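Descriptive analysis of the structure
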Amino acid sequence: MTIKAKKIKNISDGSKIAINIALAGNPNTGKSTLFNALTGLKQKIGNWSGVTVEKKEGKRSFNNFELSITDLPGTYSLSASSLDEQIARDYIINGNPEVVVQIVDASNLERNLYLTTMLRELGARVVIALNMMDLLKKNGSSIDVQKLSTELGIPVVPMIANKKIGIDDLENAIESVYQEDQKPMGIKYSKEIENALSKIQKILETIPSIPSDFNLRWLATQILQNNSEIPTLLERWNVKSEIVGELTSFSKEDYEAEIIDSKYEYISKVTSKAWKKAETKVTRSDLIDRVVTHKWLGIPIFLMIMWGSFQFVFAVAVPFMELVDVFFGWLAGLLVDSIRIEWLGSLLGDGIVGGLGAVLIFVPPIFTMFFILSILEDSGYLARAAFVMDKLMVKFGLHGHSFIPMLLGFGCNVPAIMSTRSLKNNKDRMITILINPFMSCGARMPVFILFAGLFFGATAGTVIFTLYILGIVVAILTAFLLRKTFFKGTSAPFIMELPPYHSPKLKSATVAMWDKGKMYLKKAGTIILIGVVFVWFLAAMPFGGVEYGGPETWLAAVGTFFEPIFKPLGFDWRIVVALIVGFVAKELIVGSLGTIVGGGESDEGIKSAILADGGFYALNSLSLMVFTLLYFPCAAVVGVMRKETGSWRWTIFTMVYSTVIAWLFAFAVFQIGSLMGFGL
Amino acid sequence: METVKNTSKDIKTSLLLGSLIFLMVALAEIVLGAFKIYADIKELEEHWVNAIPFPPGIFPGLSILIVGLVWLAGYFISIREQNAKGYLSVGIVIALGFILLFIVILLTDVFNAYALKLEDYEDWTALASLRWIIFLSPIPIFLAIKYGGFTVLRRRKEQLQQS
């Protein structure tokens, strides 16, 4: 069947022709880089309908066209064995993209073309963006792009996406594919399979409820391969059960393997004509990998890189924090002094500006941390970190793939938990979700920076690094316990592709930093704002005659009620209140302390207030940092955990378990420290 | 593109010497760093370790140690007649990375002390932020220029030769 092109309507009003583009490709082929290069900052991030997998959309205009580009999850195939594959496949079937741009790693042509065969089988009009041509050349290989295009029957555009080379040619190819028909893919299966396909197609043609534009050959292939989703799909179209039975009777176990073999034979035929592969040589990436994935050196190198990253974050952020601090201090002072209504001045100055200022001051370190993580990810090092950690993780019943969501948890536990969907073994996935809140997210950073900076001076960076390591250790030990008790069994084998090392690009890292960091800003404008106003309200009530944030307030009543539980950890009622408020969002801990302790209008103010207070000192600050690291995940994490585990039981278990663990660790820190003479 | 080849005698010697120097300095800094922590905890301002102009630290010492270990592993690989260039390069990159990091920290400290005039920096002097690895920087820089094949330097050299 020829894949028909959309005909351009005659546009006379000057408006642009909209083309829906789906961006598909294997993981680590530079898909995000191409998406960013095409769309710049014109991006919209949401979720795929019904699931919590991130969906990125963007726009680009050229000539008379406006491209609406949807970035599909990175997949190796469309067999729908994982949620990512299912999303990509469903979008191509139901989202009706007019053109699918498949980004292909030129140095891994054969493996990437497997997805091409699937896309074309689905009836998509495909343009291949042949990326990383520079690496291909470096490896000594070459591809005859014209021949490849002729053999595949689709346009192939050589590109170097990170240098924006080939973007114009890609635009032209999209335009031509949009306007021209595409020949069908030239895969011929064995006679037996072709006969079966033709019989199935004939039956399918008689079913009126199947949408007329649905690709029946693809459907027939899926039936033949015994795709478990097909009966449900046919039922959705009200296909009678006897016809479903007749259709599924065609499937044989051998067919799936034969169809895959035929595809690879086709790929091999195509590549043999167009691809001149260099002799296998040891690349620079291989030489580096021998060291960074070395069985003894790998983990120490990883730890030192993480330590260096935290030192960098701490050092670079301080001057910027000072500038933010000065601004909020000035603003709060201005409000308090210029508003004559005392309670309003207090609300705006102490409550809103003070509370928000105490949170926003941590934007520089959080953005810097995201920047560093993006650099590490872009360079290809994070994939090596997962590989290196695999050996350690296996001993605790997990594998390296689980370490990637754990690393992502350093940013935010919500997307980290969502990313566990790529784990195929359900037990592995459950364990990875349940341990993720122990990974210290960016929202806990303000507490660490404030107290480590205040009481641990020059060693603050090391203290923070140690806390992060403690989080990893507790997570791994918890995984071990879970594997030995509730989730017995062995983990799935760890197969992971190590992409070649790249020089990280400043722009990609900056865009990624902004994408991740803006969540923090968004929170500051919504939930944190409400939280600080709520804390201010409790700290000011009852009105008249009570000292703001003093022991007579409603806030003190709440804190005093719970204080006995936390006394052995060295916490007084004010810390208790801040921790309770932190259940909503961890950022609120510092914001609340700013409001309660006073001096909330500036970081220096909070610091001076804390130092002058007498209720805070090095040991109970350390205990507080440990408790904050490990206790109860925030409301957003609870929500996503419930959704991803599908179980309130496991969600509540995590909430209780993490809080108990946090209490025990903080207790140990405080009590042992006190015995050693580090108390007050 | 690197091909598999045995490591040259020069590289072997560099790996051995570089690793020995880094390991010795690292061990010294780690041990002295431990004394420094002890003196800080006990608030012993008159302790002899505080007289060292460039304060030692355990973690900065570990950053030197890791470079030394990578080069030492490279040396042992090279005497087994295998290609150890990756070890040399990774060691250089880690060393230069940490040197750069500590220079950035030094510069931000200078900024905090003199431009922002932060309270915490009242008694601070630039010597307090000079980490030991900075003094070792000539070694990785020399090795980078001589063997590293670092693209920028090599390309510049090639361009110069071509022109």
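These notes cover the structure that comes with them. (Residues numbered from 1 in each chain as written. Chains lettered and ligands numbered in written order. Predicted model: local features only at pLDDT ≥ 70, side-chain atom pairs only at ≥ 80, totals over all residues. Heavy atoms only, no water.)

Some details on the overall build of chain B
Formally: Counting from the N terminus, the helices are the DSSP runs of H or I reaching at least four residues and the strands are the DSSP runs of E reaching at least two. Only protein chains enter the area calculation, which uses a 1.4 Å probe; residues under 20% of their type maximum are buried, those over 50% are exposed, and those in between are partly exposed. Two residues form a contact once any of their heavy atoms are found within 4.5 Å. Surface accessibility follows the Shrake-Rupley procedure with a 1.4 Å probe radius. Residue values consider only the protein chains on display as shielding.
Summing up its helical and strand segments, chain B has 6 helices and 0 strands in all. Helices and strands in chain B line up, N terminus first, as α-α-α-α-α-α. Per-residue burial over chain B gives 47% buried out of 163 residues. In chain B, once contacts between residues fewer than 6 apart in sequence are set aside, the share between residues at least 24 apart is 73%. Accessible area of chain B: about 9000 Å², with a carbon and sulfur share of 64%.

Focus on the nonpolar core
Residues and elements named next belong to chain A. Rule in force here: Here, nonpolar core means buried Ala, Val, Leu, Ile, Met, Phe, Trp, Tyr and Cys residues that are tied together by side-chain atoms lying within 4.5 Å of each other.
Core analysis: the largest hydrophobic core is formed by 142 residues, its most contacted members being Ile301, Met406, Phe451, Phe571 and Phe627. Sort the elements by how many residues they give to this core and helix α13 (residues 298-338) lands first, with 15 residues. When neighbours within four sequence positions are excluded, Met406 is seen to be in contact with Met393, Ile435, Asn436, Met439, Ile472, Ala475 and Ile476. Of all hydrophobic cores here, the second largest spans 64 residues; its members include Ala24, Leu136, Trp218 and Tyr255.

As for the packing of α13(A) against helix α3 (residues 85-115) of chain B
As a reminder, the rule being used: The axes used here are C-alpha line fits, helices contributing only the stretch in contact, and every angle between their N-to-C directions lies in the interval 0 to 180 degrees. In what follows, roughly perpendicular refers to angles from 65 to 115 degrees, roughly parallel to angles under 35, roughly antiparallel to angles over 145, and oblique to any angle outside these ranges. Crossing handedness: left-handed means the near helix sits turned counterclockwise from the far one by under a right angle, and right-handed means the same turn made clockwise.
Between α13(A) and α3(B), the shortest axis-to-axis distance is 9 Å and the interhelical angle comes to 20 degrees. Our classification of the angle between α13(A) and α3(B) gives roughly parallel. Once α13(A) is placed against α3(B), the crossing between them reads as left-handed. Contacts from A:Ile301, A:Met304, A:Trp307, A:Gly308, A:Gln311, A:Phe312, A:Ala315, A:Val316, A:Val318 and A:Pro319 in α13(A) reach B:Ile94, B:Phe98, B:Leu101, B:Phe102, B:Val104, B:Ile105, B:Thr108, B:Phe111 and B:Asn112 in α3(B).

Focus: the interface of chain A and chain B
The condition is simple: Accessible-area loss on putting two parts together, using a 1.4 Å probe and summing over both, is the definition of buried area adopted here. Between Lys or Arg on one side and Asp or Glu on the other, a salt bridge is scored when a side-chain nitrogen of the former is within 4 Å of a carboxyl oxygen of the latter. Throughout this description, a polar contact denotes any pair of N or O atoms lying within 3.5 Å of each other; where both atoms belong to protein, one of them has to be capable of donating a hydrogen while the other can accept it, and for residues adjacent in sequence the pair is counted only when both atoms sit in side chains.
Listed by partner, the interface residues are 30 residues for chain A and 29 residues for chain B. Buried area between chain A and chain B, both sides added, is near 2700 Å², and the carbon and sulfur share of it is 78%. Scanning the region where chain A abuts chain B turns up 0 salt bridges. There are 0 residue pairs in polar contact (both at pLDDT 80 or more) connecting chain A and chain B. Breaking the side of chain A that touches chain B down by element, the ones donating at least two residues are α12 (284-292), α13 and α21 (460-484) of chain A. Ranked by residues supplied to the side of chain A that touches chain B, first place goes to α13(A) with 13 residues.

So, the environment of A:Val669
Residues and elements named next belong to chain A. Among the structural elements, Val669 can be located in helix α30 (residues 648-675). When the C-alpha atoms of Val669 and Gly570 are compared, they prove to be 9.8 Å apart, with 99 residues separating the residues in sequence. The residues touching Val669, leaving out its near neighbours within four places in the chain, are Leu619, Leu622, Ser623 and Val626.

Examining the pairing of strand β6 (residues 126-131) of chain A
All names here are of chain A. For clarity, the cut-off: Pairing between strands is defined by DSSP: at least two bridges between the two strands are required. Crossover handedness is defined by viewing with both strands directed away from the observer: a clockwise path from the first strand over the helix to the second marks the crossover as right-handed.
Within β6, 6 of the 6 residues are buried, leaving the element largely enclosed by the surrounding structure. Here β6 shows a buried face lined by Val126, Ile128 and Leu130 and a second buried face lined by Val127, Ala129 and Asn131. Note: strand β5 (residues 99-105) against β6, 6 bridges, orientation parallel. Directly across from Ile103, in β6, lies its bridge partner Ala129. Assessed by its sense of winding, the connection that carries the chain from β5 through helix α3 (residues 109-121) to β6 is right-handed. Here β6 runs beside strand β8 (residues 156-158); their pairing, made up of 3 bridges, is parallel. Each bridged residue has a counterpart across the sheet, and for Leu130 the counterpart in β8 is Pro158.

Quick word on the packing of aromatic side chains
Residue and element names in this part refer to chain A. Spelled out, the test is: Geometry of aromatic contacts follows a simple scheme: Phe, Tyr and Trp rings, the Trp one being its six-membered ring, pair when their centres are within 6.5 Å, and the pair is stacked under 30 degrees between planes, edge-to-face over 60, tilted otherwise. For a Lys NZ or an Arg CZ to count as sitting over a ring, it must be within 6 Å of the ring centre and within 35 degrees of the ring normal.
By the definition in use, this model includes 33 aromatic pairs over all chains. Aromatic side chains Phe486 and Phe653 sit 6.0 Å apart centroid to centroid with 75 degrees between the ring planes, which places their arrangement in the edge-to-face category. Of the two residues, Phe486 sits in the loop between α21 and α22 (506-525) while Phe653 sits in helix α30, which places them 167 residues apart along the sequence. Judged by relative accessible area, Phe653 falls into the partly exposed class, the value being 26%. Ring geometry for Phe487 and Trp650: centres 5.0 Å apart, planes at 35 degrees, overall tilted. On the criterion of sequence distance, the pair formed by Phe487 in the loop between α21 and α22 and Trp650 in helix α30 is long-range, its members being 163 residues apart. Among the aromatic residues, ring-to-ring pairing joins Phe438, Phe486, Phe487, Trp650, Phe653 and Tyr657 into one connected group. A cation over an aromatic ring shows up here: Arg384 above the ring of Tyr501, its NZ or CZ 3.9 Å from the ring centre. When the ring centre of Tyr631 is taken as origin, the NZ or CZ atom of Lys586, which lies over that ring, is 4.3 Å away.

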